[in-house]
Amino acid sequence: MRLDEIEGAMTGQINATAPGRAEGFLPSPMIQNHAAFLSLLPDGALLCVWFGGTLEGKSDISIHGSVLPEGGDRWGPVRALSFDPDHSEQNPVVFHAPDGRMWLFHTSQPSGNQDECRIRMAPLTRDDKGVVAGEGRYLDLPRGCFVRGNVMLREDGAWLLPIFRCIPRPGQKWTGSHDDAAMGVSVDGGQNWTLEPVPDSIGCVHMGPVAGAPMTAFYRRRQADHVFRSESGDGGRTWTAPQATDLPNNNSSIAATRVADGRIAVICNLSSAATSADRRASLYDELGEEDDRPDADPTGGCVPIWGVPRAPVAVCLSDDGGRSFPHRLVIEDGPGTCTSNNSTDGRNKEMSYPWLLEAPDGTLHIAYTYHRRAIKYVRLAPGWAKGNAQ
């Protein structure tokens, strides 16, 4: 689709496009829209949150949200859910606490300096037009902590917040070279937090835990090689070192869940550095802000790879606890070009940062970034896995 076609389609309307499939674009007024997260609300509605503004890393990037009423065919009005004019606010995550309260977690960083990021937590409340964010606060975690995955509950009631740490290199610019994984743990309902590292996890980010015995987690990789996997046999207290699965990864986000038939589903881009020669200098090479520090020295870390195409979007199913994924259903394909983050010149063709959620009735809800311009929503009818992902 051309940019003007995408813009014209951003109405929130959902239309059937094939038997068992419906789709549409969320009605965002922002120029750039990215990093969607889906959550079911207690009344059966579906909440989508994402970040939007002019360009990732700019201080006008904020969290936004829209609600699709249960049984509805149009997303509701878009509301801003974060309000800091001096920071780029990114990667929203919604958590429904055991006491019934709903929380928004998101990142907050100055410019492209992810190693200076902090995590913010704010209450969300429901009204007849969507959700409203209350006053938030920063978590007592070290700077450089980032979020993307679901918050989990440990059997003792502790909150588990998946973290990837953007490790600072003194006097050098962040490039992702020393990023690793950890679990944020709160035993007092989110008031105080500790950080438990995942061993041998340099390059493994966007930790996405999946409930079960053992608990399993999946990772994006800075090295753009494979989706990695680790597990916890003690309910999330400790984790094994991540190991490669048979899924490719392009240094772009993934999401994982356990579906009703017991299998693990991962949604990702089926591409990697081995499948394309496309590259770019860094994630934030278009911000245009002066920074004469050298790039981080990768010694002791990894060499991140940026610019690998972000397509196709596929739901991949595993019968063996996430070690292999022989069943793959392509949701959408295209060039996936992401050597630019620009949302106004038409160069970006990515379909990235997908999220998936299976409703109690078996409906599969999917959202992902479309050409950095829009958030696309796809709905698959119950039974989607039986006839398609084989």
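First things first, this report covers the structure right here in the doc. All values reported here derive from a predicted model rather than from experimental measurement.

### Looking at the sheet that holds strand S23 (residues 313–318)
Spatially, 4 strands are ordered S21-S22-S23-S24 in an open sheet, and the strand pairing comes out antiparallel. The open sheet has two free edges, formed respectively by strand S21 (255–258) and strand S24 (327–332), since each of these has just one partner strand. Averaged over all pairs of adjacent strands, the angle between their axes in this sheet comes to 20°, without regard to strand direction. Note that S21 and strand S22 (residues 264–269) share 4 bridges and pair antiparallel. Bridged to Ala 256 within S22 is Val 266.

### With respect to the side chain of Ser 352
Summarising the element assignment, Ser 352 is placed in strand S25 (residues 351–358). Separated by 2.4 Å, the side chains of Ser 352 and Glu 350 make a polar contact.

### Observations regarding unusual backbone geometry
For residues that are not glycine, phi is negative in most cases, and the peptide bond is trans in most cases. In the segment running from Ala 213 into Pro 214, the intervening peptide bond is cis, with an omega of 0°. Assignment of secondary structure puts Pro 214 in the loop between strand S17 (204–210) and strand S18 (215–221). Across the junction of Ala 311 and Pro 312, the peptide omega takes the value -5°, indicating a cis bond. Its place among the elements puts Pro 312 in the loop between S22 and S23. Residues other than glycine seldom take positive phi values, yet Tyr 353 does so here, at roughly 50°.

### Details of the environment of Pro 123
Structurally, the position occupied by Pro 123 is in strand S9 (residues 118–127). We classify Pro 123 as partly exposed; its relative accessible area is 27%.

### Describing the packing of aromatic side chains
Counted under the stated rule, the structure contains 10 aromatic pairs. Between Phe 105 and Trp 193, the ring centres sit 6.2 Å apart and the planes meet at 90°, which makes this aromatic pair edge-to-face. In this pair, Phe 105 is assigned in strand S8 (residues 102–109) and Trp 193 in the loop between strand S15 (180–186) and strand S16 (194–197), connecting sequence segments 88 residues apart. Taking the relative accessible area as the measure of exposure, Phe 105 reaches 0% and is therefore buried. Judged by its relative accessible area of 6%, Trp 193 falls in the buried class. The ring of Tyr 138 is capped by Arg 118, whose NZ or CZ atom sits 3.6 Å from the centre of that ring. Sitting above the plane of the Phe 228 ring, Arg 221 keeps its charged end 3.8 Å from the centroid.

### Section: the environment of Leu 139
Mapped onto the elements of the fold, Leu 139 is located in the loop between strand S11 (137–138) and strand S12 (145–146). For the pair formed by Leu 139 and Arg 120, sequence separation is 19 residues and the distance between their alpha carbons is 6.0 Å.

### Section: the nonpolar core
Judged by nonpolar contacts, the single largest core of 75 residues is most densely connected at Phe 105 and Ile 366. When residues of this core are assigned to their parent elements, the largest contribution, 6 residues, is made by strand S4 (residues 46–53). If sequence neighbours within four positions are ignored, Phe 105 has contacts with Asn 91, Pro 92, Val 93, Phe 95, Ile 119, Arg 120, Met 121, Leu 139, Val 151, Trp 159, Leu 161 and Trp 193. In terms of nonpolar packing, the next biggest core, distinct from the first, is built from 14 residues, Met 152, Met 183, Val 198 and Trp 239 among them.

### Brief notes about the pattern of salt bridges
In total, this model carries 29 salt bridges according to the counting rule given. Among the salt bridges present, the one from Glu 7 reaches Arg 373, with a minimum N-O distance of 3.4 Å. Linking Glu 7 in helix H1 (residues 3–9) with Arg 373 in the loop between strand S26 (364–370) and strand S27 (374–380), this pair joins segments that are 366 residues apart in sequence. When its relative accessible area of 39% is taken as the criterion, Glu 7 is described as partly exposed.

What counts, and at which threshold
Residues numbered from 1 in each chain as written. Predicted model: local features only at pLDDT ≥ 70, side-chain atom pairs only at ≥ 80, totals over all residues. Heavy atoms only, no water. Pairing = 2+ DSSP bridges. Helix = DSSP H or I, 4+ residues; strand = E, 2+ residues; numbered from the N terminus. Axes fitted to C-alpha atoms, helices over the stretch in contact; angles between N-to-C directions. Polar contact = N/O pair within 3.5 Å; in protein donor to acceptor, adjacent residues only side chain to side chain. Buried < 20%, exposed > 50% of the residue type's maximum accessible area, 1.4 Å probe, protein only. Phe/Tyr/Trp six-rings, centres within 6.5 Å; stacked < 30°, edge-to-face > 60°. Lys NZ or Arg CZ within 6 Å of the ring centre and 35° of its normal. Core = buried A, V, L, I, M, F, W, Y, C linked by side-chain atoms within 4.5 Å. Contact = heavy atoms within 4.5 Å. Salt bridge = Lys/Arg side-chain N within 4 Å of Asp/Glu carboxyl O.

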